[in-house]
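# Residue-level structure breakdown
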Amino acid sequence: MANGERMERDKLAFLASLRTKIILGAGLVLVIVLGVFMYVDVMLRKSILLEAEEKRALDVSYTLMKSIEHPMLDGEMDQVQIVLQKVIELEDMRVAYISGLSGAIVYGGVPDSRGKVSRSETVKEALRTNALAKGLEIYRGEKILAHAMPIHNENHCFKCHGSEEKVLGVLLVGIAWGPIEKNIDAMTTQRSIYFLVCLALVIGLIAILLNYLVIAPVRSLTRATVVMAKGDLSRRVPVKRDDEIGHLGIAFNQMAANLEKSREELLQAQATLEKSVVQLQKKTQELEDFTYIVSHDLKEPLRGITSFAQFVLEDYADNLDQKGESYLATITNSAERLKRLIDDLLALSRVTRAEASFQTTKASGIIEEAIERVKYSIDQKGVEVVVAQDLPSVYCDRGQLIQVFANLLSNAVKFMDKENPIIEIGYQGTADYHQFYVKDNGMGIEREYQQKIFGMFQRLHRREDYEGTGAGLHIAQKIIERHHGKIWVESELGLGSTFYFTLPKGQLDMSGVKK
């Protein structure tokens, strides 16, 4: 079975090869050209052969006419009969007779033909036109080439026949067509064999020339291309000709040289880039470590500042004037704001530093816990939260995805300015991704700021108007990117905002490759 399939593939490959196509095309053209040439040649030779036989019949007719002229003038009709009989004995001669104006045979080479009416159409044509006539006929079951010559009434014939008739009768000579046809067939066969031999020789010569001039160079190019495709760009093809194939080889070598140079430059750039990436990763790690350490170490002294400011306000309030109390309140508020900044920095640091704990979990449970985290703010503003039904299970870091939903919900509640506030949490599945959205009917975001809001500590409003550090959306973006998804917002000022994010379907490792 395998051998049969391999033979079939080899056969298809041979039929599809350039050499086969060129040879078949050239062979077809040659067959047409030589076929036309052979047809013309055969028809010409057939015409020459027929002319030769017609000339032979004409010569026999003239010779016979001369031979019987004197016996007819002398009235020796038996001698005329003998001459006609001797003509029949000649090679390939089948009929020779003289018919009168009525068509009746007067003298014939075949004794039993005298007195019979000639049925020859050639004889009738000669009598009708008073001119030489010829044609193919069937005589006694055999095809013959008939040649009918009118016997004109001349001066020396007036004595016996008078002068009224221009023609006294017709002399018919018939040559067997079989040998003539056999010669034509033999000649056709000979020319066909000659044609086939010439065709084979020419096709063979074309195949050799094509193989040397076209196929071999193209095959060399093909082999070089295959080698290049495998990664060896140093391969070159020899160029020995100054024609189209040679120019193609020069262009190929130039292309290979350019590709080799480009690859070397690309490898150098890649090495430089990899080195830069390693350095960047190192700097990023150092920055993250610094952020974590600084944020962690700042919490303890900050807690002390806040505590002692509270102690002073509580224990020494009677000794402070209004200005002193204001200073202490400013210290307390600033310390509290700094604490929130430190907490956000630590939260961001944990996103990148913490080891991922991915598992398949129900999205509905994640959303319920996220709502619970911001329940106080939701209740305080009287926001209605609508969650879609039949939510899927997703493969994620459960704690981080809870934080994403919580940050988006907190953001939506914070900037809610409608009398009937509502937040909708929904899902739109695609072929490769889970797509969730958090939609609100709040104040909305102008288009020019819709990318800016995902930056670290980016705020669109004054700190006095809305609390927060501006890190929530940036943290959400980092978490989604760590899950190999993306997050974006669609919003119109005054009509609310819709935050979308996607998560890949299936289980992925940290590099984004499916497990």
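Note that the structure is predicted; figures quoted are calculated from it, not measured.

## Comments concerning the confidence of the model for the protein chain
- This prediction gives the protein chain a mean pLDDT of 78; 79% of its residues lie at or above 70.
- The model gives residues 461–466 a pLDDT under 50, and that stretch makes 8 contacts with residues more than four places away or in other chains.

## Describing the pattern of salt bridges
- Summed over all chains, the structure comprises 7 salt bridges.
- The partner of Arg-398 in a salt bridge is Glu-369, with the nearest N and O atoms 3.0 Å apart. Here Arg-398 is found in helix 11 (residues 398–414), whereas its partner Glu-369 is found in helix 9 (residues 363–373), with 29 residues between them in sequence.
- Residue classification places Arg-398 among the partly exposed residues on the basis of a relative accessible area of 26%.
- We note a salt bridge from Lys-418 to Asp-417, for which the minimum N-O separation is 3.1 Å.
- By relative accessible area, which is 45% here, Asp-417 ends up partly exposed.

## A short note on the packing of helix 11 against helix 12 (residues 472–482)
- Interaxial distance between helix 11 and helix 12 falls to 9 Å at its minimum, and their mutual angle equals 145 degrees. As helix 11 runs across helix 12, the sense of the crossing is left-handed. On the side of helix 11, the interface is formed by Gln-400, Leu-401, Gln-403, Val-404, Asn-407, Leu-408 and Asn-411, while helix 12 contributes Gly-472, Leu-473, Ile-475, Ala-476, Ile-479, Ile-480 and Arg-482.
- Tallied by class, the residues present in the contact of helix 11 with helix 12 amount to 8 nonpolar, 5 polar and 1 charged.

## Quick notes on unusual backbone geometry
- Of note, the phi angle at Asp-92 is positive, near 65 degrees, even though the residue is not glycine.
- Within the secondary structure, Asp-92 is located in the loop between helix 3 (77–88) and strand 1 (93–100).
- Residue classification places Asp-92 among the buried residues on the basis of a relative accessible area of 18%.
- Here Arg-140, not a glycine, exhibits a phi torsion of approximately 50 degrees, which is positive.
- Position of Arg-140 relative to the elements: it lies in the loop between strand 3 (133–139) and strand 4 (142–152).

## Comments concerning the sheet that holds strand 3
- Here we have 5 strands laid out as an open sheet, ordered 2-1-5-4-3, and antiparallel in their pairing. Of all strands in the sheet, those with a lone pairing partner are strand 2 (105–108) and strand 3, marking the two edges. Each adjacent strand pair in this sheet contributes to an overall mean axis angle of 30 degrees, direction not counted.
- Relative to strand 4, strand 3 runs antiparallel, the two sharing 7 bridges. Pairing of Lys-134 across the sheet is with His-147, part of strand 4.
- Each of strand 1, strand 2 and strand 5 (167–176) touches helix 3; the most contacted strand, strand 1, lies at about 150 degrees to it.

Reading guide: rules and limits
- Residues numbered from 1 in each chain as written.
- Predicted model: local features only at pLDDT ≥ 70, side-chain atom pairs only at ≥ 80, totals over all residues.
- Heavy atoms only, no water.
- pLDDT = per-residue confidence, 0-100.
- Contact = heavy atoms within 4.5 Å.
- Salt bridge = Lys/Arg side-chain N within 4 Å of Asp/Glu carboxyl O.
- Helix = DSSP H or I, 4+ residues; strand = E, 2+ residues; numbered from the N terminus.
- Buried < 20%, exposed > 50% of the residue type's maximum accessible area, 1.4 Å probe, protein only.
- Axes fitted to C-alpha atoms, helices over the stretch in contact; angles between N-to-C directions.
- Left-handed = near helix turned anticlockwise from the far one by under 90°.
- Nonpolar A, V, L, I, M, F, W, Y, C, P; charged D, E, K, R; others polar.
- Pairing = 2+ DSSP bridges.

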